[in-house]
Amino acid sequence: MSDAVVGVDLGGTKIAAALVSEEGAVGPVRSVPTPSQEGPDAVLDTVAGLVRDVVARGGVLTAPDGTATATPDTPVRVSGVGVGTAGVVDSTAGTILSATDALRGWAGTEVRAGLVERLADLLAGGPVTVENDVDAHAGGEAWLGAAAGLDSVLMVAVGTGVGAGLVLGGRPLRGARHVAGEMGHMPSPDADGLRCGCGRPGHLEAIGSGPALHRYYLSLGGTPDAVDTRAVYARAVAGEELALRAVTDSARAVGRAVAGVATVLDPAAVVVGGGMSQAGPLWWEPMVAAVRTELIEPLTDIPVLPSALGPVAAVLGAARTALAARTVPVA
Ligand SMILES: [Zn+2]
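Owing to the predicted nature of the structure, the values given are computational and were not obtained by experimental measurement. (Residues numbered from 1 in each chain as written. Predicted model: local features only at pLDDT ≥ 70, side-chain atom pairs only at ≥ 80, totals over all residues. Heavy atoms only, no water.)

### Section: the overall build of the protein chain
For the protein chain, the helix and strand inventory stands at 9 helices and 14 strands. By the compact-globule yardstick of 20 Å for 331 residues, the protein chain fits well, its C-alpha radius of gyration being 20 Å. Dimensions along the principal axes, computed over C-alpha positions, put the protein chain at roughly 60 × 45 × 40 Å. With 331 residues in all, the protein chain has 51% of them scored as buried. For the protein chain, the proportion of contacts with a sequence separation of at least 24, taken over those separated by at least 6, is 62%. Accessible surface computed for the protein chain: about 14,300 Å², of which carbon and sulfur atoms make up 54%. For the protein chain, the distance from the average site of its 22 positive side-chain charges to the average site of its 34 negative ones is 3 Å. (Helix = DSSP H or I, 4+ residues; strand = E, 2+ residues; numbered from the N terminus. Rg over C-alpha atoms; globule rule 2.2 N^0.38 Å. Buried < 20%, exposed > 50% of the residue type's maximum accessible area, 1.4 Å probe, protein only. Contact = heavy atoms within 4.5 Å. Areas by Shrake-Rupley, 256 points an atom, 1.4 Å probe, with all protein chains shown as cover. Lys, Arg positive; Asp, Glu negative; His and termini not counted. Charge placed at Lys NZ, Arg CZ, Asp CG, Glu CD.)

Now the structure itself:
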């Protein structure tokens, strides 16, 4: 019998999960919409249902080198569940310390206890681990992705928010108060006068996130015909000067902040993921240029790499944390 855990990526719009083996072979990723406005019990019910579904369906587990390590004919024993979730997470207790309205009522949720209760028969004492989704994303990239084989990596995710995770020696750094990596709430000179989602003015997320880029474009006098960030980017590609300025300023703000963090930590590499990192060269190039401009000599050549695993990164990273938490050797 083959042994595996289920990795779960729990976001505000969808929940994705897959079987993951010790070697990093991953099964088919299944996802369902997050009942984000129905409260924590509905969300936990949905996660537990998805985990059961993933286990019941099984499927071929494919290793990073493309070989199949488990097939539908090989029963899989599930010995743990790893969850990466939006919000500030106490990963020791498996609880949510704070979260945005994207998941209504999520702050205070006992995720580990709730899933242990719902999945007790399936897990037979195996661990449920809970961590921040960007930490999970970073863990996945450090394990099998863009930073595989490196001892340290700074992973920055730029999408609906701006977050980061630092992995040292294969382990995400959590911090004394579970906030390590919350780059979005760093003061940013580029965000001067712009209000952050946390209520304070001048934080990076207020200019660097995808939605913030759209708001910034409108604040510069951009047309409301551009209804979202994607539309602003398309206008920049088409040559509209104001849109190009908004995209460039937003990307540069992220790059400067990355340079600041990289200067303090000197990681082996920086990996940049999230929706904005996929937008295109008009975002990516000024972001990297801003990183390079700010760095002193020994740091100037630090690799700044796009995320290699895409959406499956957080599933893999969350699974890896669960694999590491198993104390009982599996026969
Ligand atoms: Zn903030």
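### Quick look at the coordination of the zinc ion
Tetrahedral coordination by four donors places them ideally at 109.5 degrees to one another around the metal; octahedral coordination by six donors ideally gives 90 or 180 degrees. Coordination of the zinc ion by the protein is provided by H185 (ND1), C196 (SG), C198 (SG) and H203 (ND1), with metal-donor distances spanning 2.0 to 2.3 Å. Each of the 4 donor atoms around the zinc ion contributes to a set of angles spanning 98 to 120°, which defines the coordination as tetrahedral. Classification of H185 by relative accessible area gives partly exposed; the value is 30%. Overall, C198 belongs to the partly exposed group, its relative accessible area being 31%. (Donors = N, O, S within 2.8 Å, 3.2 Å for Na, K, Ca; no water. Tetrahedral: all angles 85-135°; square planar, octahedral: opposite > 155°, others 65-115°.)

### Concerning the sheet that holds strand β9 (residues 128-132)
Spatial strand order, β3-β2-β1-β6-β9: 5 strands in an open sheet with mixed pairing. Each edge of the open sheet carries a strand with a single partner, namely β3 (30-33) and β9. On average, each strand axis in the sheet is inclined to that of its neighbour by 20°, with strand direction left out of account. Pairing geometry for strand β1 (residues 2-10) and strand β2 (residues 14-21), over 7 bridges, is antiparallel. In the strand pairing of β2, L10 is matched with I15. Packing of helix α1 (residues 40-57) onto the sheet brings it into contact with β1, β2, β3 and β6 (76-85), and relative to β2 it is tilted by some 40°. (Pairing = 2+ DSSP bridges. Axes fitted to C-alpha atoms, helices over the stretch in contact; angles between N-to-C directions.)

### With respect to the pattern of salt bridges
Applying the stated criterion across every chain, the model contains 13 salt bridges. The closest approach of N and O atoms between R235 and E240, which form a salt bridge, is 2.8 Å. For R256, the salt bridge goes to E294, with nearest N and O atoms at 3.7 Å. Highlighted residues: R256 in helix α7 (residues 241-265) and E294 in helix α8 (residues 281-294), separated in sequence by 38 residues. (Salt bridge = Lys/Arg side-chain N within 4 Å of Asp/Glu carboxyl O.)

### Considering the packing of α1 against helix α2 (residues 111-123)
Running from N to C, α1 and α2 cross one another at 35°; their axes reach a closest spacing of 10 Å. Helix-helix and strand crossings are classified by hand; for α1 and α2 the assignment is right-handed. Contact with α1, carried on its side by D41, L44, D45, V47, A48, V51, R52 and V55, involves V111, G114, L115, R118, L119, D121 and L122 of α2 and no other residues of that element. The residue makeup of the contact of α1 with α2, split by class, is 9 nonpolar, 1 polar and 5 charged. (Left-handed = near helix turned anticlockwise from the far one by under 90°. Nonpolar A, V, L, I, M, F, W, Y, C, P; charged D, E, K, R; others polar.)

### Some remarks on the sheet that holds strand β14 (residues 304-306)
Ordered in space as β12-β11-β10-β13-β14, the 5 strands form an open sheet in which the pairing is mixed. The two strands at the open ends of the sheet, each matched to only one other strand, are β12 (171-172) and β14. One ladder, built from 7 bridges, connects strand β10 (residues 152-158) with strand β11 (residues 162-168); its direction is antiparallel. When the bridges of β11 are listed, A157 appears paired with G163. Lying on the sheet, α7 is in contact with β10, β11 and β13 (269-273); it crosses β10 at an angle near 160°.

### Focus: the pairing of β1
One face of the sheet, then the other: side chains in a regular strand alternate in exactly this way. Most of β1 is tucked away: 9 of the 9 residues are buried. The alternating pattern of β1 places S2, A4, V6, V8 and L10 and D3, V5, G7 and D9 on opposite faces, both of which are buried. One ladder, built from 8 bridges, connects β1 with β6; its direction is parallel. Within β6, the position partnered with V6 by the bridge is V81. Hairpin geometry of β1 and β2 is characterised by an intervening segment of 3 residues between the two adjacent antiparallel strands.

### Examining the packing of aromatic side chains
Taken as a whole and assessed by the stated rule, the structure comprises 1 aromatic pair. Judged by centre distance (6.4 Å) and plane angle (50°), the ring pair of W283 and W284 falls under tilted. Side by side, W283 and W284 carry an identical accessibility label, which is buried. (Phe/Tyr/Trp six-rings, centres within 6.5 Å; stacked < 30°, edge-to-face > 60°.)

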